[in-house]
Amino acid sequence: MSRVLIVDDEPNLRRVLGREVCAMGHGVKEAEEAEGALRILESMEVDLVLLDVNLPGRSGLDLLPELRQRWPRTEVIVMTGHGSVETAVQALKAGAYDYQEKPCHLDELEQVLNKALEKRSLAERSDALLDSASSAAIEWGGSPAMEQVQADLLKVAPTDVSVLILGETGTGKELVARELHARSGVASGPFVAINCGAIAPTLVESLLFGHEKGAFTGAVRRKLGLAEVASGGTLFLDEVAELPLDLQVKLLRFLQEGEVLRVGATTPVEVQVRIVAATHVDVDAAVESGEFREDLYYRLGTVRLELPPLRDRGGDVPLLVERFLQEMVARGRPAKIFSPEALGIFETYAWPGNVRELRMIVERLSILSDGDTIEAADVERRLGRGRGAGSGLSLMTLREAEQKLVVLALRRFRGDKPAAAKALGVALKTLYNKIKSFDLDVDAIVAGG
Ligand SMILES: Nc1ncnc2c1ncn2[C@@H]1O[C@H](COP(=O)(O)OP(=O)(O)OP(=O)(O)O)[C@@H](O)[C@H]1O
Ligand SMILES: [Mg+2]
């Protein structure tokens, strides 16, 4: 029997929902606000959280990242107000499995709930399987920069050296960290992630290294730190440049000695763990300005993997779009496609949020667009909303856009002109004319030029 936690401040709704979820054959726990929910999650295993957005005090959206960080295996379905699409999108972005508009349709809720629980039990049945599935999830594409990362990753993964992953937000640093783990000698061990930027500085040390009973007020029993929990596996230090300086010293000592000193302890414990770290900041600049210790930087970055921003990944956008559409279909959403013009707009967009943003927009568009085909107008309407024009669509002429599309189609179909013409919706002869008028070198395009 699965355990479902309903977090909502409305007692009637909790009662009704609770009864329904019970009738679906699950165990139910209830909380009326964030703190209560956390207490329950800390005290027992919960498979799924039904989370209301509008809670008194801490909102559901605010709580969500903490839930995903601390209980990554527990799926969350967010309950949003009617028509609040932005909230829904935010929730999905923060890692919710899905969202339900209030008032909930019970049939729909049951479906979503079962799917989420199925995902959870699959994950439990075979962590190894899930790991290999999620590592297969990296779309490498064809850009030289990503190919370099992939080649380096394959070489470094089986070794025990530390790896530092660099790249802007949303470029796939965490995916790469998981891939490193999946291909390492410690793949059967745990993969433990800690986001150094998301935890209060005062808590980082005990979270990372643990504490002894009585080490500080509230330390009622001994608690293992994440470094020890990761023993025999991989410790992923996300946003490592955000670590306070005094902890950087302690981390360096841990890396050098292979020993953990729990807060309040006098003797260290030996811990063997593969270290992977990541940051989106410019580390060289952070070292220069003294915010990041140079010795730690060298110790962590024996090998550096630098993920390129999406705008430098050439023709990868359509590949990624296709991948995300397929993933949505696998999650039970209707199959949609993008018109070539719509894809063309994507290709010229600046992508400040990189692959994550692309994924979110694909998801948003496929939820919100009416027909089976997502058109350029849909994309224009949804892209860059609330964002200055300068950082959004970069302007280009129609002719330039056309040329880009032709190049894109030729590359995608590896120079197969009939196939490219078909995808572009023009006659083969028209394609030949375009190639001539743009003076394109098809062989060079296929070769990646
Ligand atoms: N190469 C890729 N192939 C497929 N999906 C990707 C790829 N890169 C990123 N994504 C998608 O983007 C999301 C964000 O990736 P990830 O969390 O690894 O980014 P990040 O670099 O750690 O970002 P941040 O610095 O904001 O933490 C992933 O959940 C995944 O959906
Ligand atoms: Mg990340």
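Residues numbered from 1 in each chain as written. Chains lettered and ligands numbered in written order. Predicted model: local features only at pLDDT ≥ 70, side-chain atom pairs only at ≥ 80, totals over all residues. Heavy atoms only, no water.

Colleague: Give a description of the sheet that holds strand β2 (residues 27–31) that names residues and reports values.
Modeller: Pairing between sheet strands relies on hydrogen bonds along the backbone, with the strands arranged either parallel or antiparallel. If you trace the 5 strands from one edge of the open sheet to the other, you get β2-β1-β3-β4-β5, paired in parallel fashion. Of all the strands in the sheet, just β2 and β5 (98–101) have a single pairing partner and so form its edges. The sheet shows a mean angle of 20° between the axes of neighbouring strands, taken without regard to direction. Pairing analysis gives 5 bridges linking strand β1 (residues 3–7) to β2, with the strands arranged parallel. Bridging from a neighbouring strand, Arg3 pairs with Gly27 of β2. Each of β1, β2 and β3 (48–52) is contacted by helix α2 (residues 34–43), which is oriented at about 140° to β2, the strand it contacts most. (Pairing = 2+ DSSP bridges. Helix = DSSP H or I, 4+ residues; strand = E, 2+ residues; numbered from the N terminus. Axes fitted to C-alpha atoms, helices over the stretch in contact; angles between N-to-C directions. Contact = heavy atoms within 4.5 Å.)

Colleague: Describe the domain arrangement of the protein chain, with residues and values.
Modeller: Domains assigned within the protein chain are domain 1 (3–125), domain 2 (133–306) and domain 3 (312–446). Each of domain 1 and domain 2 has a C-alpha centre, and these two points are 30 Å apart. (Domains from an automatic or database assignment.)

Colleague: I'd like a rundown of the site of ligand 1, residues and numbers included.
Modeller: Near ligand 1 lie 18 residues; those nearest to it are Glu139, Thr169, Gly170, Lys173 and Arg359. Between ligand 1 and Gly172, the relevant distance is 3.1 Å, taken from an oxygen atom to a main-chain nitrogen or oxygen of the residue. In the environment of ligand 1, an oxygen atom lies 2.9 Å from a nitrogen or oxygen atom belonging to the side chain of Arg356. In the complex, 86% of the free accessible area of ligand 1, which totals 630 Å², lies under the protein chains. Those elements that provide at least two residues to the shell around ligand 1 are α8 (173–182), α14 (316–330) and α16 (354–368). Residues of the shell around ligand 1, tallied by class, amount to 6 nonpolar, 4 polar and 8 charged. Taken domain by domain, the shell around ligand 1 gets at least three of its residues from each of domain 2 (133–306) and domain 3 (312–446). (Near = heavy atom within 4 Å. Polar contact = N/O pair within 3.5 Å; in protein donor to acceptor, adjacent residues only side chain to side chain. Areas by Shrake-Rupley, 256 points an atom, 1.4 Å probe, with all protein chains shown as cover. Nonpolar A, V, L, I, M, F, W, Y, C, P; charged D, E, K, R; others polar.)

Colleague: How would you sum up the confidence of the model for the protein chain? Please name residues and give values.
Modeller: On average, residues of the protein chain carry a pLDDT of 87, and 93% of them reach 70 or more. Across the protein chain, the secondary-structure element scoring lowest on mean pLDDT is helix α6 (residues 127–135), at 41, and the one scoring highest is strand β6 (residues 163–166), at 98. (pLDDT = per-residue confidence, 0-100.)

Colleague: Break down the pattern of salt bridges for me, citing the residues and quoting the values.
Modeller: Enumeration according to the criterion identifies 26 salt bridges in this entry. Note that Glu179 and Arg183 form a salt bridge whose closest N and O atoms lie 2.5 Å from each other. Judged by its relative accessible area of 44%, Arg183 is partly exposed. Ionic pairing is found between Arg304 and Glu306, a salt bridge with its closest N-O pair at 3.0 Å. Since its relative accessible area comes to 30%, Arg304 is described here as partly exposed. Glu306 gets classed as partly exposed once you look at its relative accessible area, which sits at 47%. Because the salt bridges share partners, they merge into one network encompassing Glu42, Arg58, Asp62, Glu66 and Arg70. (Salt bridge = Lys/Arg side-chain N within 4 Å of Asp/Glu carboxyl O. Buried < 20%, exposed > 50% of the residue type's maximum accessible area, 1.4 Å probe, protein only.)

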